[in-house]
Amino acid sequence: MTYEPEPEPLRHVEHVMGTVFSFDVREVPAAGRPRVLAALDGAVVGLHRVDELFSTYRPDSEISRLARGELTLSRCDREVRDVLRMCEDAEYRSDGWFSARYAGGAPDPTGLVKGWAVERAARMLVSAGAGSVCVNGGGDVQVHGGPWRVGIADPLRHGELAAVVAAHGELAVATSGPAERGCHILDPRTGLPPAQGLASVTVIGASLTEADAWATAACAMGAERARPWLQRLAGAEAFVVTADGATWHTSGFARYSAELCV
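Below: a short report on this structure. All values derive from a computational prediction rather than experimental measurement.

Before going further, it helps to examine the pairing of strand 3 (residues 132-137). Burial within strand 3 is extensive, with five of its six residues counted as buried. As judged from the six bridges shared by strand 2 (residues 19-26) and strand 3, these two strands associate in the antiparallel manner. If you follow S22 over to strand 3, its bridge partner there is N136. Bridge count for strand 3 against strand 4 (residues 140-144) is five bridges, and the pairing is antiparallel. Looking at the pairing, C134 lines up with V143 of strand 4. In this structure, the hairpin formed by strand 3 and strand 4 is closed by a connection of two residues, where G138 is found at a positive phi of approximately 60°.

Put into structure tokens, the structure is as follows:
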């Protein structure tokens, strides 16, 4: 009796959108490998297209041109219109705490668009026939299949983990906070850093688009408002590190067989 060797996983790292995206693709049948490879190439091209459309650091991006009044929304690429509609929905569902227009300023969907881009890339690979996929975009992760173990970085101890989430099936893990980029999340009602700022908020759910937006919204709320809001958030769980290093999590967080490392 002969045994077919397990196919090698596909791995790729891409520097784009000002961060690092990593792909780990497993359970790829040999006959379907060319199709999955083509999907991986398409996913990478898609990430660069997102950067071209949405980067607030590129003066030629559509989002920058829209902010300067050089382009109307109706003349923007369909993906720009779709993402801004998602931002409007997230703003409504978070009672205004998620906003793509802080303090009435120029459009900036940064708090949602990376999660959306990662989720879309992962779905492309699953649709192509990959049985197990993990896409990590700057620490925000979308997985399918598995099992996977996703680490949550400790925002106050560089290089260490605050918790580990065991994931199987469709799961997203998004983290927001000032640890990597400084205080870039503002209270949309004041345009100032949130009162009682949190060190990090991690939201777990099925969709990274939503998890990314909810983690951003919770950071903008600050500690006092974020805790009850996250406890009520349907279809999601959260793990929070406070500014003084204490941690708390929502009641359903344990269902993910999480290990607390702090």
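Additional details are given in the paragraphs that follow.
Relative to the helices and strands, C134 resides in strand 3. Exposure remark for C134: the relative accessible area of 14% places this residue in the buried category. As a C-alpha pair, C134 and V164 span 30 residues in sequence and 15 Å in three-dimensional space. Look past the residues within four positions of C134 in its chain and what remains in contact with it is S22, F23, D24, V141, Q142, V143 and W148.

Our next topic: the side chain of T242. Summarising the element assignment, T242 is placed in strand 9 (residues 237-242). In this structure, T242 is in contact with L156, L198, A199 and W248, ignoring residues within four places of it in sequence.

What follows concerns the packing of helix 4 (residues 110-127) against helix 5 (residues 208-221). Running from amino to carboxyl end, helix 4 crosses helix 5 at an angle of 155°, the nearest separation of the two axes being 7 Å. In terms of orientation, helix 4 lies roughly antiparallel with respect to helix 5. Once helix 4 is placed against helix 5, the crossing between them reads as right-handed. Counting all contacts with helix 4, which are made through G111, L112, K114, G115, W116, V118 and E119, the residues of helix 5 involved are L208, T209, D212, A213 and T216.

The rules we used
- Residues numbered from 1 in each chain as written.
- Predicted model: local features only at pLDDT ≥ 70, side-chain atom pairs only at ≥ 80, totals over all residues.
- Heavy atoms only, no water.
- Buried < 20%, exposed > 50% of the residue type's maximum accessible area, 1.4 Å probe, protein only.
- Helix = DSSP H or I, 4+ residues; strand = E, 2+ residues; numbered from the N terminus.
- Pairing = 2+ DSSP bridges.
- Contact = heavy atoms within 4.5 Å.
- Axes fitted to C-alpha atoms, helices over the stretch in contact; angles between N-to-C directions.
- Parallel < 35°, antiparallel > 145°, perpendicular 65-115°, else oblique.
- Left-handed = near helix turned anticlockwise from the far one by under 90°.

Function cannot be read off these values alone, since they describe shape.
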